[in-house]
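# Geometric and topological summary
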Amino acid sequence: MDYESWTKDELIAKLRSLDVKCNEHVKRPPSGSVSPGSTPLADPAPPSDPAPSSDPAPSSDPAPSSDPASPAPPRKRKGRMVDFDFSRFPQRKVAFKFSYLGWPYHGLARQGNSLTSEEKHQIELTYPTVEGALFKALAHCKLITSETTCDYSRCGRTDRGVSGFGQVVAMYVRSTGKFITEEEARVIVDAGQEHLIIRDAQNGGRPVLLPSNEHELTYINMLNKSLPPEIRIHAWSPVAPSFSARFSCKSRFYRYFFPQSGLDIQAMQEAAKRYEGAHDFRNFCRLDPAKQIKNFERIVQSAQITRVSDQVKFVGDGQSEEGVWWQLELRGTAFLWHQVRCMMAVLFAVGQRLETPDVVDHMMDIQMTNGKPEYEMASDLPLVLADCAFDEKDVKWIRVRSPGRDSTNMVVLDRIVSKTWGELNTQAVIASALLQTVRDTQAPMLCERGSMDINYSSWSECRKQLLEADTQTVRVILGGGAIKQAKKYTPIMQRNRAEPVELRNQAWLERKTANKRARTDE
């Protein structure tokens, strides 16, 4: 309708007419229904418009009438939500590289199948996990059919509070590729383009013609729009059907951050070097007898302690030791449960001069130490799974849709991470200013017994005096701001030890057999 040519009076009359017809349409019975004792109404003839229109109305839709008595045409029903038909779309196996800040979550691994199990869903709501958020985003984007049928694998399982910069998972997801006939597939193969076709059990053995990377679904953009800001997809890669994020990984790289805070960095560096090589790390992990692990040998390719500010330009060293940050950089083929945190706990003891670097060698000698000594592992907060390495032939990371022409994904990623850094860094500066305010507060110094003279100085000086005077308390650093106080420090090699691994595994098997027999007897 060319409403621009209508007069003001004609427009008002039109609005009033539409209002009347809307009210009548609400009262009118549904199309095709006839109330008792009534006869069906014939469709009214199309009335003429108050003013001519230069655009002819479609023949299927009658023009609106200005007659208030004429019934209004039935409204079009809004489209109803229908189930997404995954069978219309092929699937392909891909790997995702992503980062996450671990402290809002109860670990990486999800609490069971939370998408289909109501019980697991409620657990996920109470104890949120990184994978729970990831699968929720995958389902929202219609990329997977379910958690159990997408052949999911993860590279490294991180504990509650642990973060990741380069975590990798793999799974089958929906693709813009298309199913083709066997004849079409033969033509493509004969043309030497067989790499464009996949054929696997996930697609029922049907040949699938893959799209170019530029014409594939925008996986990074889609998922990042559905994920919380502390979880970010960095890249994706096509992978082979046999690819496993866990078993195809060649090495894992961890970083553990800590302030200097009076630690002997040189002694820690010497002790860290002793981790390198192939060693039995059964005394540097948490044992789970249910897994029945018998081989505790792991290869540490490199272990070094470096200054954070040498690599991270956003971190500047402060004037105090608490403001000078260091990191343990640890690279290995695979790690045991809590292995990095146990290794770091021993390094903290060496840095405080509570232990000598030799303690590492003694704990790795299972003839000398056949049973893990009792000690508390380091905090989870400063630990980061920084990267996971794969063969280049297996993984080729795609970060932008059109290299050299499109940088949207990286621009958005930088903006979101910069915002997160700005917020958290501001909180850190405010907390630092608060701590400085407390340390600058004037407080009475310790005075000799019987003296009436009380001198005042900054709490920083008083605190130092108190710590020097307190020779009865040992403060063991555990990282992440955690400090354990004890009246006495017992060297690790002199502490009580757990039973040897072999005995603990055997005891678990016996309990399992006894419980199974008891259930059978019932």
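Structure first, text after, so check above.
Residues numbered from 1 in each chain as written. Predicted model: local features only at pLDDT ≥ 70, side-chain atom pairs only at ≥ 80, totals over all residues. Heavy atoms only, no water.

### Description of the layout of surface pockets
- If you add up the space inside the second largest pocket, you get close to 1200 Å³.
- Around the second largest pocket, the lining comprises 39 residues; the ones closest to its centre are Arg157, Lys291, Phe335, Leu336 and Trp337.
- Mapped by element, the contributors of at least two residues to the lining of the second largest pocket are strand E2 (153-154), strand E8 (251-259) and helix H7 (339-351).
- Broken down by class, the residue content of the lining of the second largest pocket amounts to 18 nonpolar, nine polar and twelve charged. (1 Å grid on protein atoms, 1.4 Å probe; cavity = no way out; pocket = protein on both sides within 12 Å on 5 of 7 lines; lining within 4 Å. Points joined across faces, edges and corners; volume = space filled by probe spheres on them. Helix = DSSP H or I, 4+ residues; strand = E, 2+ residues; numbered from the N terminus. Nonpolar A, V, L, I, M, F, W, Y, C, P; charged D, E, K, R; others polar.)

### Examining the side chain of Ser458
- One can find Ser458 in strand E14 (residues 456-458).
- Note on Ser458: relative accessible area 17%, which makes it buried.
- Beyond its immediate stretch of four places on either side in the chain, Ser458 contacts Arg439, Asp440, Thr441 and Gln442. (Buried < 20%, exposed > 50% of the residue type's maximum accessible area, 1.4 Å probe, protein only. Contact = heavy atoms within 4.5 Å.)

### A look at the packing of aromatic side chains
- Taken as a whole and assessed by the stated rule, the structure comprises 14 aromatic pairs.
- Measuring from centroid to centroid gives 5.2 Å for Tyr254 and Phe335, while their planes differ by 85 degrees, and the two rings are edge-to-face. Pair noted here: Tyr254 is in strand E8 and Phe335 is in the loop between strand E11 (325-332) and H7, with a separation of 81 residues, a long-range link.
- Considering the side-chain rings of Tyr256 and Phe348, the 6.1 Å spacing of their centres and the 70 degrees angle between planes classify their relative orientation as edge-to-face. Taken together, the residues span a long stretch of sequence, with Tyr256 in strand E8 and Phe348 in helix H7 at a distance of 92 residues.
- For Phe348, a relative accessible area of 1% gives the class buried. (Phe/Tyr/Trp six-rings, centres within 6.5 Å; stacked < 30°, edge-to-face > 60°.)

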